[in-house]
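# Structural characterization, general
Read off the chains here:
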Amino acid sequence: MSDTLHKDAHGETVDEGKRDFIYIATGAVAAAGVGSLAWPLVAQMGKAADTLAAGSVEVDVSKIAEGQQLKVLWRGKPVFIRHRTAKEISEAENTQLAVLPDPQTDNERLIPDTAGKLRPEMLVMIGVCTHFGCIPVGEAGDFDGWYCPCHGSHYDTSGRIRKGPAPTNMEIPDYQYISENVIKVG
Ligand code: FES
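Predicted, not measured: the structure shown is a model, and the values here were computed from it.

## Let's talk about the sheet that holds strand E10 (residues 144–148)
Strands belonging to one sheet form pairs held by backbone hydrogen bonds; the direction of such a pair is parallel or antiparallel. Overall, antiparallel pairing links the 4 strands, which are arranged E9-E10-E11-E12 in an open sheet. Only two strands of the sheet have a single partner each, and these edge strands are strand E9 (137–138) and strand E12 (161–163). Across 2 bridges, the pairing between E9 and E10 is antiparallel. Bridge pairing in E10 links glycine 138 to tryptophan 146.

And the structure:
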């Protein structure tokens, strides 16, 4: 366990260095509130496929502080749920489509909540590089978003590819708000 990883009072592993909380869903439907079971993602990589094939995952996004990212394992893939800062939202919204290799507005990457409103502070996407499938690192790269160290792809604060070999933006999973603060992925 690295210096920044520790077990909290519930036996959960928390990485204070990255301020990431990592949740693994092992049931058909798993409630992944911030108080639920967590392990480092890497510890789950050797698990049998059936334990990784969670059909859907519910997450209370109100527990994710601004500037924090939650990682949820869903169908064997990490889903990043990032509570973006005002600066990150502004950068994402003020980017000209003409500079994007895979043009998509920030709003097109959001799904309305139960009141029909977009919540730009909450970005939900599959945290897999669209080049060869590595997991990008957050708050990194030339565009303040994510950086994939495998071959050098830079994603912006909307998860859109900006530079490097990845051909497309990080994918938005099938998700919906099922109440004011709970989203269901899958
Ligand atoms: S897998 Fe990410 S840049 Fe190649």
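From this point, the narrative continues.
## Let's talk about the nonpolar core
By size, the foremost hydrophobic cluster in this structure holds 16 residues, and its most contacted members are Val59, Val61, Val79, Ile81 and Ile183. Elements with a contribution of two residues or more to this core: strand E5 (56–60), strand E6 (69–74), strand E7 (77–83), strand E8 (122–126), strand E13 (175–177) and strand E14 (182–185). If we ignore the near neighbours within four places in the chain, the residues touching isoleucine 183 are Val57, Glu58, Val59, Val61, Ile81, Val124, Tyr175, Gln176, Tyr177 and Ile178. Counting residues in each nonpolar core, the second largest holds 11 residues, with Phe80, Leu123, Cys148 and Tyr155 among its members.

## Brief notes about the pairing of strand E11 (residues 153–156)
Judged by which residues are buried, E11 turns out to be covered on both faces: Ser153 and Tyr155 on one side and His154 and Asp156 on the other are all buried. With 4 bridges connecting them, E10 and E11 associate as antiparallel partners. Residue pairing for E11: cysteine 148 is matched across the bridge by serine 153. Hairpin connection of E10 to E11: 4 residues between the antiparallel strands, including glycine 152 at a positive phi of 85°. Direction of pairing for E11 relative to E12: antiparallel, over a ladder of 2 bridges.

## With respect to the environment of methionine 170
As for its placement among the helices and strands, methionine 170 is situated in the loop between E12 and E13. Classification of methionine 170 by relative accessible area gives buried; the value is 1%. Between the alpha carbons of methionine 170 and arginine 160 there is a distance of 6.2 Å; along the sequence they are 10 residues apart. Those residues in contact with methionine 170 that lie beyond four places of it in its chain are Arg109, Met125, Ile126, Gly127, Val128, Thr130, Pro136, Trp146, Tyr155 and Gly159.

About the thresholds
Residues numbered from 1 in each chain as written. Predicted model: local features only at pLDDT ≥ 70, side-chain atom pairs only at ≥ 80, totals over all residues. Heavy atoms only, no water. Pairing = 2+ DSSP bridges. Helix = DSSP H or I, 4+ residues; strand = E, 2+ residues; numbered from the N terminus. Core = buried A, V, L, I, M, F, W, Y, C linked by side-chain atoms within 4.5 Å. Buried < 20%, exposed > 50% of the residue type's maximum accessible area, 1.4 Å probe, protein only. Contact = heavy atoms within 4.5 Å.

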